[in-house]
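Chain by chain, the residues run as shown.
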Amino acid sequence: MTAGINLFEQQAKNRRLTVAWLALFILFFAWLGFGGDLALYLEAASRTEGQVAYRFPWIGIVVTTIAAITAWVSWRKGPQQVLWSTGARELTNPETVEEKQLVNVVEEMAIAAGLPKPKVYVIDDQDPNAFATGRDASTACIAVTTGLLAVVNREELQAVVAHEMGHVRNLDVRLMTLIASLVGVIVVLSNGMGRMLRGSGGLLGGRGRKGGGGLAVAALIVFVLWVITLILAPIISRIMAMAVSRDREYLADATGAELTRNPAALASALEKIETHEAPTTHIKEGAAHLCIADPLGRDVNLKEGRLADLLATHPPMAMRITRLKGMAFQQLKAAGQLPPT
Amino acid sequence: MGAILFLIILVILVLWVVTAYNGLIALKNQTVNAWKQIDVQLKRRHDLIPNLVNTVKGSMDFEKETLQAVIDARSKAMASGGGGVKETAAAEGMLTGALGKLFVVMERYPDLKSSQNVRDLQEELSSTENKIAFARQLYNDVATGYNTKQQQFPTNLVAGLAKAEIAELWEIEDKAERDVPTVDLSLKKPQG
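Residues numbered from 1 in each chain as written. Chains lettered and ligands numbered in written order. Predicted model: local features only at pLDDT ≥ 70, side-chain atom pairs only at ≥ 80, totals over all residues.

1. Thoughts on the overall build of chain B
- Tallying secondary structure elements over chain B gives seven helices and zero strands in all.
- Helices and strands in chain B line up, N terminus first, as α-α-α-α-α-α-α.
- The buried share among the 192 residues of chain B stands at 27%. (Helix = DSSP H or I, 4+ residues; strand = E, 2+ residues; numbered from the N terminus. Buried ≥ 20, exposed ≤ 12 C-beta atoms within 10 Å, placed from the backbone.)

And the structure:
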């Protein structure tokens, strides 16, 4: 089965990327911390003409420790954080027929994927959307909005859940949830440090003294690099997160179609999600790239091209629908059931 | 020198046999497990049917035959429980066909369709039908993987050692089952 090989490759790739993201995250904060120390040290050295005692790099150690702890907490608590931030409630006692149907559909897809049944969550939001989160298949959670339950029929709901089950099976959930919380931390901490910097009135400004020469220049270069990283980090980390997310949407569409053997249902579900778009009130920017369709309804997701490719969390909806319809066509062709043309 | 080379080749061979053997055993257990998943869902279906029959019996006096067909198919399916894949597949296929007919007939009774109890039962049963279908799909995929592995060279050399046998696939043989009209049991009005 070629699908099986792809699956293991994909899981391995996601595992590697998870480790890489964690390492990059800690390295980034180590640079922020130790870089700051280095700038201070060089600056002090330039004033005293190299006659400076060894300075303990306390900023570096504190910042790196905080980063390591946050990474660990994001890893352990990421799924709960995401669910909490969207206001999702767990569906433990399904009461209405729609809720029962949702639980049943999730059970069906878990069976099709041969995985344990994920926990089911509902978000009270008019915007039709869905996402999956968790560390692995046994801790996976699938959340859908009430808006989605209202517009799709059973087959389409099944297709959407199958797409989310695809994220669970390919281990996308682990990577994407981790990235969601790490990007959040980077944005918050960079902003905070930038503000502290402005508050302190600039470390080096107005201290231009003669003497020290080369050391002062080195201090300035390190300091400038440091500020540039601080400014660019939130943007770059977001762009990286979006690239990871876009890749995985096509793949989850394909996996979902493989589970239900019904690509046409996912295509029509995506069409409905697109046409019934309503402003989301619960899904914030941090969780946007986890969703089946961009909840923020940004125009870049509809376009193709370089810039759109860089800034969109999801591939263009029209492309996804076209690909799924292509799969449905192939399926009919294979079954010899093509309508006469 | 020659002895060392021989030893190295021997170690590689033994390692390969162990890996291939373990791989086959893992696939075999996966196949058995996938089959058990079908069994769980089939049992669930057998348990649900009496409820459905009792609920609709009163309002469906004229459809005694359809109901009787479901009841008969259920007892046959339950009797074939311990049998092989083929017998189970045939008996359960009959039951699927009979249930499909019952669902179609039920469409003609508006008061049945509006009853909350019936709607719940219908959702339960159609979900169980889906679960059976998906469990069957998974079983067929896993079993095909297992069959391919034990026939492919060079794994086929250790197939005997691992007591690997070709797992029977659950094929849909019954023409009636193939022809079951797709019933849209979703409870929503069609939307654009």
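What follows picks up the thread again.
2. What to know about the overall build of chain A
- For chain A, the helix and strand inventory stands at 10 helices and four strands.
- Start at the N end of chain A and walk to the C end: the helices and strands fall as α-α-β-α-β-β-β-α-α-α-α-α-α-α.
- Looking at chain A residue by residue over its 341 residues, the buried ones come to 42%.
- In chain A, once contacts between residues fewer than 6 apart in sequence are set aside, the share between residues at least 24 apart is 75%. (Contact = placed C-beta atoms within 7 Å.)

3. Observations concerning unusual backbone geometry
- Residue P154(B) is reached from F153(B) by a cis peptide bond, and omega for that bond is 5°.
- Secondary-structure assignment places P154(B) in the loop between α5 (116-151) and α6 (156-159).
- The phi angle at L171(A) is positive, at roughly 65°, despite the residue not being glycine.
- With respect to the secondary-structure elements, L171(A) resides in the loop between α5 (154-169) and α6 (172-199).
- Backbone geometry at R261(A) places phi at a positive 55°, although glycine is not the residue there.
- Locating R261(A) in the fold gives a position in the loop between α7 (214-260) and α8 (263-275).
- Residue class for R261(A) comes out partly exposed when judged on the 14 C-beta atoms lying within 10 Å of it.

4. Description of the domain arrangement of chain A
All names here are of chain A.
- Split by domain assignment, chain A resolves into domain 1 (2-77 + 187-223) and domain 2 (86-172 + 245-333).
- Each partner contributes residues to the interface: domain 1 has six residues there, and domain 2 has six residues.
- Residue classes in the side of domain 1 that touches domain 2 are distributed as two nonpolar, three polar and one charged. (Domains from an automatic or database assignment. Nonpolar A, V, L, I, M, F, W, Y, C, P; charged D, E, K, R; others polar.)

5. A short note on the sheet that holds strand β3 (residues 130-133) of chain A
All names here are of chain A.
- Pairing is mixed across the open sheet formed by four strands, whose spatial order is β1-β2-β4-β3. Strand pairing shows two members of the sheet lacking a second neighbour, β1 (89-90) and β3, which therefore form its edges.
- Where helix α2 (residues 58-86) meets the sheet, its contacts fall on β2 (119-123), β3 and β4 (141-145), and the angle it forms with β4 comes to roughly 15°. (Pairing = 2+ DSSP bridges. Axes fitted to C-alpha atoms, helices over the stretch in contact; angles between N-to-C directions.)

6. Quick word on the nonpolar core
- If you look at the biggest cluster of nonpolar residues, it comprises 100 residues, and the most contacted ones within it are M109(A), I142(A) and A143(A).
- Broken down by element, the residue count for this core peaks at 12 residues, all from α7(A).
- Three or more residues apiece are contributed to this core by two domains, here domain 1 (2-77 + 187-223) and domain 2 (86-172 + 245-333) of chain A.
- Residues I49(B), V56(B), A77(B) and L95(B) belong to the second largest nonpolar core, which totals 14 residues. (Core = buried A, V, L, I, M, F, W, Y, C linked by C-beta atoms within 7 Å.)

7. Observations regarding the pairing of β2(A)
All names here are of chain A.
- Taking burial as the measure, the five residues of β2 include four buried ones, the bulk of the element.
- Pairing of β1 with β2 involves two bridges; the strand directions are antiparallel. In the sheet register, E90 faces β2, and the bridge partner there is Y121.

8. So, the environment of D127(A)
All names here are of chain A.
- Its location among the elements puts D127 in the loop between β2 and β3.
- Given 23 C-beta atoms within a 10 Å radius, D127 is considered buried.
- For D127 and T280, which are 153 residues apart along the polypeptide, the C-alpha to C-alpha distance reads 5.2 Å.
- Apart from the residues within four sequence positions on either side, D127 is in contact with T145, G147, E277, A278, P279, T280 and P295.

9. Let's talk about the confidence of the model for chain A
Residues and elements named next belong to chain A.
- This prediction gives chain A a mean pLDDT of 80; 84% of its residues lie at or above 70.
- The low-confidence segment residues 1-5 (pLDDT under 50) makes four contacts with residues lying over four places distant or belonging to another chain.
- Low pLDDT, under 50, characterises residues 204-210; the predicted model gives this stretch five contacts beyond four residues in sequence or across chains. (pLDDT = per-residue confidence, 0-100.)

10. Details of the pairing of β3(A)
Residues and elements named next belong to chain A.
- The two faces of β3 match: A130 and A132 on one face and F131 and T133 on the other face are all buried.
- Pairing between β3 and β4: four bridges, direction antiparallel. Each bridged residue has a counterpart across the sheet, and for A130 the counterpart in β4 is V144.

11. Description of the packing of α5(A) against α7(A)
All names here are of chain A.
- The N-to-C vectors of α5 and α7 enclose an angle of 115°; their axes lie 7 Å apart at closest approach. Every pair of crossing elements has a handedness; the one defined by α5 and α7 is right-handed. Here Q158, A159, A162, H163, M165, G166, H167 and R169 of α5 come into contact with α7, specifically with R248, A252, D253, T255, G256, L259 and T260.
- A class-by-class count of the residues in the contact of α5 with α7 yields five nonpolar, seven polar and three charged. (Left-handed = near helix turned anticlockwise from the far one by under 90°.)

12. What to know about the environment of K100(A)
Residues and elements named next belong to chain A.
- With respect to the element layout, K100 can be found in helix α3 (residues 97-113).
- Judged by local crowding, K100 falls into the partly exposed class, with 17 C-beta atoms found within 10 Å.
- As for K100 and L24, which are separated by 76 residues in sequence, their C-alpha atoms are 43 Å apart.

13. Digging into the confidence of the model for chain B
Residues and elements named next belong to chain B.
- Across chain B, the average pLDDT comes to 82, with 88% of residues at 70 or higher.
- For chain B, per-element mean pLDDT is lowest for helix α7 (residues 175-178), which scores 50, and highest for helix α1 (residues 2-57), which scores 90.
- Counting interchain partners and residues more than four positions distant, the pLDDT-below-50 stretch residues 179-192 has 17 contacts.

14. Some remarks on the packing of α3(A) against α5(A)
Residue and element names in this part refer to chain A.
- Relative to each other, α3 and α5 sit at 50°, their axes nearing to 9 Å. Relative to α5, the element α3 lies oblique. Crossing geometry of α3 relative to α5 is assigned as right-handed. Here Q101, L102, V105, V106, E108, M109, A110 and A113 of α3 come into contact with α5, specifically with R154, L157, Q158, V161, A162, M165 and R169.
- Its residues placed into classes, the contact of α3 with α5 shows 10 nonpolar, two polar and three charged. (Parallel < 35°, antiparallel > 145°, perpendicular 65-115°, else oblique.)

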